[in-house]
Amino acid sequence: MALDELKSALPDYAKDLKLNLGSVIGNSDLPQQQLWGTVLACAIASRSPRVLKELEPEAKAKLTPEAYTAAKSAAAVMAMNNVYYRTRHLLSDPEYGTLRAGLRMNVIGNPGVEKVDFELWSLAVSAINGCGMCLDSHEQVLRKAGVDRETIQEAFKIASVLQAVGATLDAEAVLAE
């Protein structure tokens, strides 16, 4: 199993990550599609080749082809949106907030899966990429759709652990060279 491979690859000093990896993915209460879509989108967003290589096959096996594509689409579109909206928010000139983005984001309107799932994946990717505007936007859509805070928290817990696992494994790979 991919989780066991990742856990065994982590160094002893990252014992907390081993435990958290097992709990946030292995013991998640999220439905399978929400869980593995979140895992795949976050593995991509982590930018860690090792995390993506280990988790992608299991995600592909557990997701429908539509959900697999939608999770990758969430990672892709949020990679763009998170930079754009984070920058717009961080600039001190409020006039940037009035300008039309002019960026294509069609997949958000028609992701090919339940809107709630896509929003959850987008929120998780936004957590990794650190865009407060996107986090607020996706959280509000999810809450209006009746998603509870615990479910939303599950998604950003997965994001935080996968990001940490990726950073740790990538650092260890560099140090081993």
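Computed from a predicted model, the values in this text were never measured in an experiment.

Our next topic: the UniProt feature "active site" (unreviewed entry) in the chain. In this structure's numbering, the residues bearing the UniProt feature "active site" (unreviewed entry) are Cys131 and Cys134. Residues from the annotated list that form part of the lining of the largest pocket: Cys134. Assignment of secondary structure puts Cys131 in the loop between helix H7 (115-129) and helix H8 (132-144). Overall, the relative accessible area of 0% leaves Cys131 in the buried class. Those residues within four positions of Cys131 in sequence are excluded, and the remaining contacts are Asn82, Tyr85, Arg86 and Ser126. Topologically, Cys134 is positioned in helix H8. Setting aside its immediate chain neighbours within four residues, Cys134 contacts Met78, Asn81, Asn82, Tyr85 and Ser126.

We now examine the UniProt feature "domain: Carboxymuconolactone decarboxylase-like" (unreviewed entry) in the chain. In this numbering, the UniProt entry assigns the feature "domain: Carboxymuconolactone decarboxylase-like" (unreviewed entry) to residues 94-177. With 71% helix and 0% strand, residues 94-177 has end C-alpha atoms that lie 46 Å from one another.

Our focus in this paragraph is the packing of aromatic side chains. The full count for this structure, using the stated rule, is one aromatic pair. Summarising the aromatic geometry, the rings of Tyr84 and Tyr85 are spaced 4.9 Å apart at their centres and angled 90° between planes, so their arrangement reads as edge-to-face. Judged by relative accessible area, which is 23%, Tyr84 ranks as partly exposed.

Here H8 spans 18 Å end to end across 13 residues, near enough to the 18 Å set by a 1.5 Å rise per residue. All buried positions along H8 are accounted for by Cys134, His138 and Leu142. The arc that holds the buried residues of H8, viewed along the axis, is 60°, so those residues lie on one side. Contact partners of the buried residues in H8: helix H5 (65-90), H7 and helix H9 (149-176).

The geometry of helix H1 (residues 2-9) relative to helix H4 (residues 49-62) is characterised by a closest axis approach of 9 Å and an angle of 160° between their N-to-C directions. Judged on the interaxial angle alone, H4 and H1 are roughly antiparallel. Crossing angle aside, the handedness with which H1 passes H4 is left-handed. Facing Ala2, Leu3, Glu5, Leu6 and Ala9 of H1, the residues of H4 in contact are Arg50, Val51, Glu54, Leu55 and Glu58. Taken together, the residues of the contact of H1 with H4 sort by class into six nonpolar, no polar and four charged.

Rules used throughout
Residues numbered from 1 in each chain as written. Predicted model: local features only at pLDDT ≥ 70, side-chain atom pairs only at ≥ 80, totals over all residues. Heavy atoms only, no water. UniProt positions renumbered as here; feature names shortened; annotations may be inferred. 1 Å grid on protein atoms, 1.4 Å probe; cavity = no way out; pocket = protein on both sides within 12 Å on 5 of 7 lines; lining within 4 Å. Helix = DSSP H or I, 4+ residues; strand = E, 2+ residues; numbered from the N terminus. Buried < 20%, exposed > 50% of the residue type's maximum accessible area, 1.4 Å probe, protein only. Contact = heavy atoms within 4.5 Å. Phe/Tyr/Trp six-rings, centres within 6.5 Å; stacked < 30°, edge-to-face > 60°. Expected span 1.5 Å × (residues − 1). Arc of directions from axis to C-beta. Axes fitted to C-alpha atoms, helices over the stretch in contact; angles between N-to-C directions. Parallel < 35°, antiparallel > 145°, perpendicular 65-115°, else oblique. Left-handed = near helix turned anticlockwise from the far one by under 90°. Nonpolar A, V, L, I, M, F, W, Y, C, P; charged D, E, K, R; others polar.

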